[in-house]
Number of protein chains: 2
Amino acid sequence: MAISKPQRVIVLGSTGSIGRTALEVVRDFSHAFTVVALSTHRNVEILARQAAEFRPEAVCVSHAPSAARFRGVLPGDLETLEGEEGPTRLVEHYDADVLVVATVGFAGLFPTLAGIDRGMRIALANKEVLVVAGEIVMERAHRRGVEIVPIDSEHNAIWQCLAGNDRRAVRRLILTASGGPLRGWPASRLETVTPAEALKHPTWRMGRKITIDCATMMNKGLEVIEACHLFGVAPERVEVVVHPQSTIHSMVEFVDGSILAQMGRTNMYLPILNALTSPERFENKFEPLDLAAVGRLDFARPDDENFPCLGYAYEAIRRGGTMPAALNAANEEAVAAFLGEKIPFTGIAETIRAAMDAHDAVEHPDLETLREADRQARAFARKHAGIAA
Amino acid sequence: MAISKPQRVIVLGSTGSIGRTALEVVRDFSHAFTVVALSTHRNVEILARQAAEFRPEAVCVSHAPSAARFRGVLPGDLETLEGEEGPTRLVEHYDADVLVVATVGFAGLFPTLAGIDRGMRIALANKEVLVVAGEIVMERAHRRGVEIVPIDSEHNAIWQCLAGNDRRAVRRLILTASGGPLRGWPASRLETVTPAEALKHPTWRMGRKITIDCATMMNKGLEVIEACHLFGVAPERVEVVVHPQSTIHSMVEFVDGSILAQMGRTNMYLPILNALTSPERFENKFEPLDLAAVGRLDFARPDDENFPCLGYAYEAIRRGGTMPAALNAANEEAVAAFLGEKIPFTGIAETIRAAMDAHDAVEHPDLETLREADRQARAFARKHAGIAA
């Protein structure tokens, strides 16, 4: 199985965990992919190594002060963009078939929209793009006929289960949640959870912020919001089931009661490979999953009482407008405050709750309104968490 | 969701468990289906009631002596065929879109071939059709461009998992097996299993013969043979995993390591509905599966030592030719002998082993050669089991 002509790929956020794995895929299937451009926020050293190996036409360092350190490290014929607008300009100026958006935060939205406008397939790992601006992004992608293929293992699983099925036959999307490292802990103990305890994820190895989001169940909440936008379903048709082994990555239930589930190893390489190659499937270096060796899969309902953030996310997407942006912004600040030991673990949910209560949601916001909602919710959350703005 | 024009359906074996459930589907979706013809082997009373309700154009009683009792029960305008050739003549003389083959045994082969020749979609529940004559049947179906949609929950699950995927991307088919009522019993205890013990299936309610086949694992062996033919894969690419809850009905592993699994309630209505309506999906009267309520799914390797029949089936399909026919015939006779308390439970496997050892397999057999292999293996097995021919 081989793609006839190498796909031209831009990887934004190439020095992060997802970006590095995307380049591992490119390295392993070098006949199928050519790297056009790479970007980092500030991880200049890794970007230099990646540029030396993959020989892109251009790179970008979006954190301008870090960019200065980069100058002179690379051959003169490699164009280097600098600053916040860099990723968007990369996408506007270089031709590519696939745009991997592996950046973090609101800033990923602008190059994503540029990629859609240029008709690139979007392999999307940046949660905020859909959580904050899902309506705008999906509307533009539909109009342009662009596919947004999710890299997240849960959404990629749903993507695989939907292939070959009429979307009108979908009854529910069922997202699996590991339940995180604190599943089953008593409420009294959650008050005193340390960042180190909350960072021990049972099944997936990921960055700090997302690992805390798993511990609070907010990660699943953000995924519910993403799923609603990505697959065009109402929030009441997205369910979450706790599945500690994370072997089933997610499921689709159809109107006839049949459920299709996608499973595999808990290794981000695999959904990234799928997002880059779907509907083709590339044989790869990993051993197949051995279910008899796994032995047992468990399922349970989420604990909404001790972990209220999932419910807040449902509330935010039901409320719509700018509310998911406020939820997301308040969560980011609250998680940072917890990791900085400014607030207890339970303070994350309290901060988000307060920020949502204080937020006046605006319907069908434009990008500037979304950005303002983000700014306000952050300021509120920082103040609530006792951090100077 | 609705099929634009009612599908014309013939149900062969309409009075058995699968046939009755197929008619339940037709009753529930009467806008979508019209019954053209029904057949029974000898269950004349049920056939009369079905004919009164579904008003077919013709019926058939393939057991001629039973047919005599049927005369006069039905309105005069209903054509009634009698005898062994009846089902095939029904298919040859009446137009239909879908032929449900819910008969049992070798005899189901001839009307199946007739349905293929007439371009009918075949909804297939009759195992022997593929186990005995899979090569002939699939070759003719391919040539005629006819779809053979499996009703068996395992194969129907695989059918659903394959939709929208390139078959060349399949690495393995993974059939789940409940393991039957005797799973985990010590070898010493298997000697003295009674028919009543072996008939207690943990998850599916089915006929006696197939339930004993579940206890010996031969049912899974026959399904491996069917799967090889139906999906065109070599036996080494079909795996069996024991899954006592039968919630996952079967799976497909692709070359990229991704596994798609189909799950649902253990209720034959659902795969029958799918076989009649695929690729459409009809909403139905059953509650969705609640995985959190199920709680736990287990997986284990089959116990080939205490339950050798699965291995015999792999051996038969690898050997090919008439060997699967001999395996199947010997199994039928051995199961009958066990149910008649002529041989112990462990005698089933011993009888099959002896019959296979005694059988001289013929390559690429025609129908007459298959029938002769069936006859010889039956005679051998009956003699081995100590039953007069």
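Here chain B sits on chain A after a turn of 180 degrees about the axis and a move of 0.0 Å along it, with an RMSD of 0.0 Å. Here the symmetry operator amounts to a two-fold rotation axis. Closest approach to the rotation axis among the C-alpha atoms of chain B is made by Gly164(B), whose C-alpha sits 1.8 Å away. Counting the interface residues of chain B, we find that 100% of their copies in chain A are interface residues as well, pointing to one common contact surface.

This brings us to the interface of chain B and chain A. Every contact between the two is made by 44 residues of chain B and, on the other side, 44 residues of chain A. Both sides together, the interface formed by chain B and chain A hides about 3,700 Å², and carbon and sulfur atoms give 55% of it. Per-residue buried area on chain B facing chain A is highest for Asp256(B), Arg281(B) and Phe299(B); these three make up 18% of the total on that side. Note that Arg301(A) and Asp290(B) form a salt bridge whose closest N and O atoms lie 3.0 Å from each other. Put simply, the parts of the chain that give the side of chain B that touches chain A at least two residues each are α7 (153–162), β8 (170–177), β10 (248–254), β11 (259–263), α12 (269–277), α13 (291–294) and β12 (296–298) of chain B. When residues in the side of chain B that touches chain A are grouped by element, the largest group, five residues, is from β11(B). Of the residues contributing to the side of chain B that touches chain A, the split by class is 23 nonpolar, 10 polar and 11 charged. For strand β12 (residues 296–298) of chain A and β12(B), the ladder comprises three bridges, and the chain directions are antiparallel. What sits directly across from Asp298(A), in β12(B), is Arg296(B).

Per the counting criterion, the structure on display carries 10 aromatic pairs over all chains. Taking the centre distance of 5.1 Å and the plane angle of 65 degrees together, the rings of Phe29(A) and Phe282(A) count as edge-to-face. With a gap of 253 residues between them, Phe29(A) in the loop between α1 (17–28) and β2 (33–40) and Phe282(A) in the loop between α12 (269–277) and α13 (291–294) connect regions that are remote in the sequence. Residue classification places Phe282(A) among the buried residues on the basis of a relative accessible area of 2%. For the ring pair Phe106(B) and Phe110(B), a centre distance of 5.9 Å and an interplane angle of 75 degrees mean the geometry is edge-to-face. Given the relative accessible area of 12%, Phe106(B) is considered buried. The structure contains a cluster of three or more aromatic residues connected by ring pairs, namely Phe29(A), Phe33(A) and Phe282(A). Residue placement shows Arg353(A) over the ring face of Tyr312(A); its charged tip is 4.8 Å from the ring centre.

All right, on to the pairing of strand β6 (residues 121–124) of chain B then. All names here are of chain B. The alternating pattern of β6 places Arg121 and Ala123 on one face and Ile122 and Leu124 on the opposite face, and all of these are buried. Sheet topology places strand β5 (residues 98–101) next to β6; four bridges connect them, and they run parallel. Counterpart to valine 101 in the pairing with β6 is leucine 124. As a crossover connection, the stretch from β5 through helix α5 (residues 109–117) into β6 is right-handed. Note: β6 against strand β7 (residues 148–150), three bridges, orientation parallel. Bridge pairing in β7 links alanine 123 to valine 149. Crossover connection from β6 via helix α6 (residues 127–144) to parallel β7: handedness right-handed.

This part is about helix α17 (residues 367–384) of chain B. Along an α-helix, residues three or four apart share an orientation, since each turn contains 3.6 residues. Residues and elements named next belong to chain B. When the terminal C-alpha atoms of α17 are compared, their 26 Å separation across 18 residues agrees well with the 26 Å that a helix rising 1.5 Å per residue should span. Among all positions of α17, only Leu367, Leu370, Ala373, Asp374, Ala377, Arg378 and Ala381 are buried. Each buried residue of α17 sits inside an arc of 130 degrees when the element is viewed along its axis, so together they form one side. Looking at the buried positions of α17, the neighbouring elements they touch are α5, α6, α15 (323–339) and α16 (345–358).

Residues and elements named next belong to chain A. Considered domain by domain, chain A is made up of domain 1 (7–150) and domain 2 (156–183 + 210–306). Distance from the C-alpha centre of domain 1 to the C-alpha centre of domain 2: 25 Å. In this complex, domain 1 contributes 24 residues to the contact, which on the side of domain 2 involves 23 residues. Both sides together, the interface formed by domain 1 and domain 2 hides about 2,200 Å², and carbon and sulfur atoms give 72% of it. One can count four salt bridges joining domain 1 with domain 2. Taking the shortest distance from any N to any O, the salt bridge between glutamate 226 and lysine 127 comes out at 4.0 Å. The interface formed by domain 1 and domain 2 holds seven residue pairs in polar contact (both at pLDDT 80 or more) in total. Listing elements by their share of the side of domain 1 that touches domain 2, those giving two or more residues are α1, β5 (98–101), β6 (121–124), α6 (127–144) and β7 (148–150). The residue inventory of the side of domain 1 that touches domain 2, partitioned by class, reads 15 nonpolar, three polar and six charged.

Before going further, it helps to spend a moment on the nonpolar core. The nonpolar side chains of soluble globular proteins are, as a tendency, buried together. In terms of nonpolar packing, the biggest core is built from 264 residues, with Val100(A), Leu327(A), Phe345(A), Val100(B), Leu327(B) and Phe345(B) touching the most fellow members. With residues near it in sequence (within four places) discarded, Val100(B) still touches Val9(B), Ile10(B), Val11(B), Leu12(B), Ala22(B), Ala123(B), Ile151(B) and Leu276(B). Counting 24 residues, the second-largest nonpolar core is a separate cluster that includes Met251(A), Leu289(A), Met263(B) and Leu291(B).

It is worth spelling out the packing of helix α1 (residues 17–28) of chain B against α12(B) at this point. What describes two packed helices is the angle between their axes and the distance between those same axes. Residue and element names in this part refer to chain B. At a closest axis distance of 9 Å, the pairing of α1 and α12 adopts a crossing angle of 65 degrees. Of the two elements, α1 crosses α12, and the hand of that crossing is right-handed. For the pair α1 and α12, the contacting residues are Ile18, Thr21, Ala22, Glu24, Val25 and Asp28 in the first and Tyr269, Ile272, Leu273 and Leu276 in the second. A class-by-class count of the residues in the contact of α1 with α12 yields seven nonpolar, one polar and two charged.

Our next topic: the side chain of Arg172(A). Assignment of secondary structure puts Arg172(A) in strand β8 (residues 170–177). Reaching out from Arg172(A), the side chain makes a polar contact with the side chain of Glu239(A) at a distance of 2.8 Å. Separated by 2.6 Å, the side chains of Arg172(A) and Glu253(A) make a polar contact. Excluding its chain neighbours within four sequence positions, the residues that come into contact with Arg172(A) are Arg237(A), Glu239(A), Met251(A), Val252(A), Glu253(A), Pro288(B) and Leu289(B).

With that settled, the discussion passes to the pattern of salt bridges. All names here are of chain B. Scanning the entire structure with this criterion turns up 63 salt bridges over all chains. Among the salt bridges present, the one from aspartate 298 reaches arginine 296, with a minimum N-O distance of 2.9 Å. Classification of aspartate 298 by relative accessible area gives buried; the value is 16%. On the basis of relative accessible area, arginine 296 is assigned to the partly exposed category, the value being 35%.

Reading guide: rules and limits
Residues numbered from 1 in each chain as written. Chains lettered and ligands numbered in written order. Predicted model: local features only at pLDDT ≥ 70, side-chain atom pairs only at ≥ 80, totals over all residues. Heavy atoms only, no water. Least-squares fit on C-alpha atoms with pLDDT ≥ 70 in both. Contact = heavy atoms within 4.5 Å. Buried area = accessible area lost by both parts, 1.4 Å probe. Salt bridge = Lys/Arg side-chain N within 4 Å of Asp/Glu carboxyl O. Helix = DSSP H or I, 4+ residues; strand = E, 2+ residues; numbered from the N terminus. Nonpolar A, V, L, I, M, F, W, Y, C, P; charged D, E, K, R; others polar. Pairing = 2+ DSSP bridges. Phe/Tyr/Trp six-rings, centres within 6.5 Å; stacked < 30°, edge-to-face > 60°. Buried < 20%, exposed > 50% of the residue type's maximum accessible area, 1.4 Å probe, protein only. Lys NZ or Arg CZ within 6 Å of the ring centre and 35° of its normal. Right-handed = clockwise from strand over helix to strand, strands pointing away. Expected span 1.5 Å × (residues − 1). Arc of directions from axis to C-beta. Domains from an automatic or database assignment. Polar contact = N/O pair within 3.5 Å; in protein donor to acceptor, adjacent residues only side chain to side chain. Core = buried A, V, L, I, M, F, W, Y, C linked by side-chain atoms within 4.5 Å. Axes fitted to C-alpha atoms, helices over the stretch in contact; angles between N-to-C directions. Left-handed = near helix turned anticlockwise from the far one by under 90°.

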